[in-house]
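Take a look at the letters that make up each chain.
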Amino acid sequence: MGFFDRKKKIKDGLEKTRTGFFAGIVNTLTRSQIDDDLYNDLEEQLILADVGPDCAIRLVDELRDQVQENHLKTGEEALKALREIIRREMSPTDDMDITGKPAVILVIGVNGVGKTTTIAKLAYLYKDLEKRVMLAAGDTFRAAASEQLELWADRAGVPIVKAGEGADPAAVIFDAVQSAAARGYDMVIADTAGRLHNKKGLMEELSKITRSVKKASPEASLEVLLVLDAITGQNAINQAQEFCRAAGATGVVLTKLDGTPKGGCIVGVREKLGLPIRFVGVGEKIDDLLFFSATDFSEALLPEVPSRANRQEEL
Ligand SMILES: Nc1nc2c(ncn2[C@@H]2O[C@H](COP(=O)(O)OP(=O)(O)O)[C@@H](O)[C@H]2O)c(=O)[nH]1
Ligand SMILES: [Mg+2]
C-alpha cells in the first residue's frame, strides 16, 4: 500500500472517532482561551472519547505542565502539544520480533473480536511484503472455525495446516511450524479458540503451544498478539487485563476502529495493558489492516486546523 493510500485508510478508518469526540477536542482547544475551564472540558471530552479516566487526567496534567513550561499561548500551540503527548504515549518502545525461522505469530482473544479475520489480513499484508506465509487453524473447538480460516487462506493465497474438530491446538501449531521450517516458509500465523476465559486453563494451553513452537523449530520466534474490539472500548481493556497477564501477550491488535466514535481507547490501551499496539483493523475486507504508527494516528486523531495551516502557508 502506497503512502497516500495508507494515509487515506487511516483517515477513513478513524472517521467516526475523528469527526466525533476528537473534533470536539480540537474545537475546545482552538476556540477558547487556555484556562481551567478548557482543561476541565478537555478532560471530559477525552473520557467521552474512551481514552479512560486515568489516562485522560494524566494527559491533561501533562498538557498543563507543558503550557506553563513552554509559555504556550494559543489553542493551536496547545493542540500541537497534546498531539505530541498522545504520540509519545502510543509509541512502542521496540519492534515486533519476526526474526525467527519461521516467525510465529499466535493470535489470541475472546470470541467475536476479530481474530480469524485479522489472521487473514496479516497473511495478506505479509504476503504483500514478499514473505512466505502459512496459517495454522489452532481454533479446533468448532469445525466451522477451521473452515472459515481455510476460506480466508484461499482468498489470501496462502497454505493452511488444519485438523479435525477437537484436535489438540498445540499439535496443529506444531505441525504448521515444523512444516514451515522444512519448506522454508518465513512465517506461521496461528488462530486459537476464544473460549478460554479460565485463567489457569488459558495459561496451560498457551504455554503448551509455546513449548511446541520451540520444539518444532528452535529457530522460531514467537509473538502473541491479543486482539481487542474497539467497539467495546474501555470494557475490552478491563477484561483484557487479566486475560493478557495470563496469556503472556506481547502486543495488541485493535479491531473495528471503523465502527466506533470511541476510538480514543487506542490511547489508553498501551498504558493500561503495558503492551504496544501493533496493528489496527479498520474494516471487514482483507486489506483493512494497518501497521500501527503513533505518528500517523496522533495526526489523524488531532489534525491541524486547516484554516490556520493555510494562513501560515500564506505568510
Ligand atoms: N467493521 C469491522 N469488522 C471487523 C473487523 N475485524 C473483524 N470484523 C468482523 O468481526 C466479526 C468477527 O470476526 P472473527 O474474525 O470471526 O472473530 P473471532 O471470533 O475473534 O475469530 C466478523 O463479522 C468480522 O467481519 C474490523 O476491523 N472492522
Ligand atoms: Mg475465529
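Residues numbered from 1 in each chain as written. Chains lettered and ligands numbered in written order. Predicted model: local features only at pLDDT ≥ 70, side-chain atom pairs only at ≥ 80, totals over all residues. Heavy atoms only, no water.

Caption draft 1: Fine view of the pattern of salt bridges. Under the defined criterion, the tally for this structure stands at 18 salt bridges. Among the salt bridges present, the one from R142 reaches D139, with a minimum N-O distance of 3.8 Å. You can call D139 buried: its relative accessible area is 5%. Each of R6, K7, D296 and E299 takes part in a single network of salt bridges with overlapping partners. (Salt bridge = Lys/Arg side-chain N within 4 Å of Asp/Glu carboxyl O. Buried < 20%, exposed > 50% of the residue type's maximum accessible area, 1.4 Å probe, protein only.)

Caption draft 2: Up close: a negative patch on the surface. Residues D35, D37, D41 and E44 make up a contiguous surface patch of negative charge. Looking at where E44 falls in the secondary structure, it is placed in helix α4 (residues 36–48). For E44, a relative accessible area of 54% gives the class exposed. (Patch = residues over 30% accessible without salt bridge, like charges linked within 9 Å, V, L, I, M, F, W, Y side chains within 5 Å. Areas by Shrake-Rupley, 256 points an atom, 1.4 Å probe, with all protein chains shown as cover. Lys, Arg positive; Asp, Glu negative; His and termini not counted. Charge placed at Lys NZ, Arg CZ, Asp CG, Glu CD. Helix = DSSP H or I, 4+ residues; strand = E, 2+ residues; numbered from the N terminus.)

Caption draft 3: Region of interest: the nonpolar core. Core analysis: the biggest nonpolar cluster contains 76 residues, and L273 and F297 have the highest contact counts within it. Looking at this core, the element that brings in the most residues is helix α6 (residues 75–90), giving seven residues. If sequence neighbours within four positions are ignored, L273 has contacts with L226, L228, I237, A240, Q241, C244 and V252. (Core = buried A, V, L, I, M, F, W, Y, C linked by side-chain atoms within 4.5 Å. Contact = heavy atoms within 4.5 Å.)

Caption draft 4: The packing of helix α1 (residues 3–13) against helix α13 (residues 294–301), seen in detail. Where α1 meets α13, the closest approach of the two axes is 10 Å, and the angle between their N-to-C directions is 50°. With respect to α13, the element α1 is oriented oblique. Judged by the twist between their axes, the crossing of α1 over α13 is right-handed. Residues R6, K7 and I10 of α1 touch α13, and the partners they reach there are D296, F297, E299 and A300. Looking at the contact of α1 with α13, its residues break down into three nonpolar, no polar and four charged. (Axes fitted to C-alpha atoms, helices over the stretch in contact; angles between N-to-C directions. Parallel < 35°, antiparallel > 145°, perpendicular 65-115°, else oblique. Left-handed = near helix turned anticlockwise from the far one by under 90°. Nonpolar A, V, L, I, M, F, W, Y, C, P; charged D, E, K, R; others polar.)

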